[in-house]
Amino acid sequence: KNQVEQSPQSLIILEGKNCTLQCNYTVSPFSNLRWYKQDTGRGPVSLTIMTFSENTKSNRRYTATLDADTKQSSLHITASQLSDSASYICVVTNLGGGADGLTFGKGTHLIIQP
Amino acid sequence: NAGVTQTPKFRILKIGQSMTLQCTQDMNHNYMYWYRQDPGMGLKLIYYSVGAGITDKGEVPNGYNVSRSTTEDFPLRLELAAPSQTSVYFCASSYGTGEAFFGQGTRLTVV
């Protein structure tokens, strides 16, 4: 069964500090992996997409990594800001899965404290 | 810049009542989805559509119905609401299996 596991479930850090969120998956065959940010009371918004051949991708203060061999991804947030407080969801698409080929993780709830 | 628009944002239903959650997108996306998100859980797919006139069941379709008469609209119908349907519902759209764009969500409470 395709699964996406995220850790930690929740995380509290001080403003300005860095943090790393983890995503492990068993989705096969793999097509791509996306990290979404979901602000409270809003729908998820895509931060970045990782394909099989990509190891690292940065989007402003967010850096995503992918190890397709170990089926792990991470999202590193640098110099956190209060606006980074949100849930971060890892979504993996399986190749040829079509519209129902997306598997969602439960998300990591990140709180940035001043 | 509307993207995906859902209405209503909030709704309280009594057990056994029916309602339709509206979803419309202006990006000419062919794929549209309905998900539900329960507290502390990942999004679960209720129904999806790969184009006008085509719909299919997702992981948790029981108690729901959908239709897709146009590219833009993908309403979700709840018949005989039950407390187990208390959740936040998200509509999304994409071009193929590309990036999914989500609506703001509908928070539904069944009492």
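Preceding block: the structure.
Residues numbered from 1 in each chain as written. Chains lettered and ligands numbered in written order. Predicted model: local features only at pLDDT ≥ 70, side-chain atom pairs only at ≥ 80, totals over all residues. Heavy atoms only, no water.

Enquirer: I keep staring at the state of the cysteines and nothing clicks. Help me out?
Expert: Simply put, the disulfide is a covalent bond whose two ends are the sulfur atoms of two cysteines. Tallying each qualifying case throughout the model produces two disulfides over all chains. Each disulfide pairs two cysteine sulfurs, and for Cys23 of chain B the partner residue is Cys91 of chain B, the sulfurs being separated by 1.8 Å. Taking the sign of the S-S torsion, about -70 degrees here, the bridge from Cys23 of chain B to Cys91 of chain B comes out left-handed. Highlighted residues: Cys23 of chain B in strand β3 (residues 19-25) and Cys91 of chain B in strand β9 (residues 87-94), separated in sequence by 68 residues. In this pair, the class of Cys23 of chain B matches that of Cys91 of chain B, namely buried. In this structure Cys19 of chain A is a free cysteine whose sulfur lies 15 Å from that of Cys23 of chain A, the closest cysteine sulfur available. (Disulfide = S-S within 2.5 Å. Helix = DSSP H or I, 4+ residues; strand = E, 2+ residues; numbered from the N terminus. Buried < 20%, exposed > 50% of the residue type's maximum accessible area, 1.4 Å probe, protein only.)

Enquirer: I'm lost on the packing of aromatic side chains in this one. Help?
Expert: We describe a pair of aromatic rings using the distance from one ring centre to the other and the angle between the two ring planes. Within this structure, the stated rule accounts for nine aromatic pairs over all chains. Relative to Tyr35 of chain B, the ring of Tyr33 of chain B has its centre 5.9 Å away and its plane inclined at 25 degrees; by these criteria the two rings are stacked. Assigned by exposure class, Tyr33 of chain B and Tyr35 of chain B land together as buried. Feature note: the residues Tyr36 and Phe104 of chain A together with Tyr31, Tyr33, Tyr35 and Phe102 of chain B constitute an aromatic cluster, connected by ring pairs. The ring of Tyr62 of chain A has Arg61 of chain A sitting right over it, with the charged end atom 5.8 Å from the ring centre. (Phe/Tyr/Trp six-rings, centres within 6.5 Å; stacked < 30°, edge-to-face > 60°. Lys NZ or Arg CZ within 6 Å of the ring centre and 35° of its normal.)

Enquirer: Sorry, what's going on with unusual backbone geometry here?
Expert: Peptide bonds are, in most cases, trans, and in most cases residues other than glycine have a negative phi. Looking along the chain, the bond that leaves Ser7 of chain A and enters Pro8 of chain A is cis, with omega of -10 degrees. Mapped onto the elements, Pro8 of chain A comes out in the loop between β1 (4-7) and β2 (10-14). A cis amide bond links Thr7 of chain B with the next residue in sequence, Pro8 of chain B, at an omega value of -5 degrees. You can see Pro8 of chain B is positioned in the loop between β1 (4-7) and β2 (10-13). Here Arg60 of chain A, not a glycine, exhibits a phi torsion of approximately 55 degrees, which is positive. By the element assignment, Arg60 of chain A lies in the loop between β6 (56-59) and β7 (62-67). For Arg60 of chain A, a relative accessible area of 72% corresponds to the exposed category. Phi is positive for Leu80 of chain B, close to 55 degrees, though the residue is something other than glycine. Position of Leu80 of chain B relative to the elements: it lies in the loop between β8 (76-78) and β9.

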